[in-house]
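Examination of the molecular architecture
Now for the letters of each chain:
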Amino acid sequence: MRVTADDVRTLLASDDPTARLVLHEGGFRVLGEKQWRSADYAGALEVAGRQELRDQLGGAELSAADYERIAAGLTVEITNQGG
């Protein structure tokens, strides 16, 4: 599975501070923590948390290339976890 720049944009644009990008049943979804922890998403793999990612970025304005770079890094993390 490959994280896209749009996945990263969607995560960072979420109004929910508990939002997470998760891999579930072959697709990526942005879910709030309560929804992510529900039985409907049992077994979902957390890829990145909105707030954690924002903290890492330090409020910087992101270019299209930045979104692509972040997505590529998250894809590598998933691959390394066997996702």
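Our subject is the structure that appears above.
Because the structure is predicted, anything quoted here is derived from the model rather than measured. (Residues numbered from 1 in each chain as written. Predicted model: local features only at pLDDT ≥ 70, side-chain atom pairs only at ≥ 80, totals over all residues. Heavy atoms only, no water.)

1. Section: the overall build of the protein chain
The helix and strand inventory of the protein chain stands at 4 helices and 3 strands. Reading the protein chain from its N terminus to its C terminus gives the helix and strand order α-β-β-α-β-α-α. Taking 2.2 N^0.38 as the reference for a compact globule, 83 residues should give roughly 12 Å; the C-alpha atoms of the protein chain span a radius of gyration of 12 Å, in line with that estimate. If one aligns the C-alpha atoms of the protein chain with their principal axes, the spans along those axes are about 35 × 25 × 15 Å. (Helix = DSSP H or I, 4+ residues; strand = E, 2+ residues; numbered from the N terminus. Rg over C-alpha atoms; globule rule 2.2 N^0.38 Å.)

2. Some details on the packing of aromatic side chains
By the definition in use, this model includes 0 aromatic pairs. Positioned over the ring face of Tyr67 is Arg9, at 4.5 Å from the centre of the ring. (Phe/Tyr/Trp six-rings, centres within 6.5 Å; stacked < 30°, edge-to-face > 60°. Lys NZ or Arg CZ within 6 Å of the ring centre and 35° of its normal.)

3. Focus: the sheet that holds strand β2 (residues 27–31)
Across the sheet, which stays open at both edges, the 3 strands sit in the order β2-β1-β3 with antiparallel pairing between neighbours. The two strands at the open ends of the sheet, each matched to only one other strand, are β2 and β3 (45–49). For this sheet, the mean inter-axis angle between neighbouring strands, taken without regard to orientation, is 30°. Two strands pair when backbone bridges link them, and strand β1 (residues 20–24) and β3 are joined in this way by 4 bridges, in the antiparallel orientation. Note on β3: the bridge partner recorded for Arg20 is Gly49. Contacts between helix α1 (residues 5–13) and the sheet are confined to β1, β2 and β3, with β2 contributing the most and set at about 10° to the helix. In this fold helix α4 (residues 64–81) packs onto β1, β2 and β3, with an angle of close to 150° to the strand it touches most, β3. (Pairing = 2+ DSSP bridges. Axes fitted to C-alpha atoms, helices over the stretch in contact; angles between N-to-C directions. Contact = heavy atoms within 4.5 Å.)

4. Here we look at the nonpolar core
Across soluble globular proteins, you tend to see nonpolar side chains buried next to one another. One finds Val3, Val8, Leu21, Phe28, Val47 and Leu74 to be the most contacted residues of the largest nonpolar core, which totals 17 residues. Per-element tally for this core: the top contributor is α4, with 5 residues. Those residues in contact with Leu21 that sit more than four places away from it in its chain are Val3, Asp7, Leu11, Phe28, Arg29, Val30, Leu45, Glu46, Val47, Ala48 and Leu74. With 5 residues, the next largest nonpolar core counts Leu31, Trp36, Tyr41 and Ala44 among its residues. (Core = buried A, V, L, I, M, F, W, Y, C linked by side-chain atoms within 4.5 Å. Buried < 20%, exposed > 50% of the residue type's maximum accessible area, 1.4 Å probe, protein only.)

5. Details of the pattern of salt bridges
Pairing between side chains of opposite charge can happen when the charged atoms of each approach one another. Under the counting rule described, the total for this entry stands at 6 salt bridges. Note that Arg2 is salt-bridged to Glu68, the shortest N-O span being 3.7 Å. Placement of the pair is Arg2 in the segment before α1 and Glu68 in helix α4, with a sequence separation of 66 residues. Here Glu68 falls in the partly exposed class, since its relative accessible area comes to 40%. Glu33 is paired through a salt bridge with Arg37; the nearest N and O atoms lie 2.9 Å apart. Accessibility expressed as a relative area gives 25% for Glu33, which makes it partly exposed. Taken together, the shared-partner salt bridges in this structure form one network comprising Arg20, Glu46 and Glu52. (Salt bridge = Lys/Arg side-chain N within 4 Å of Asp/Glu carboxyl O.)

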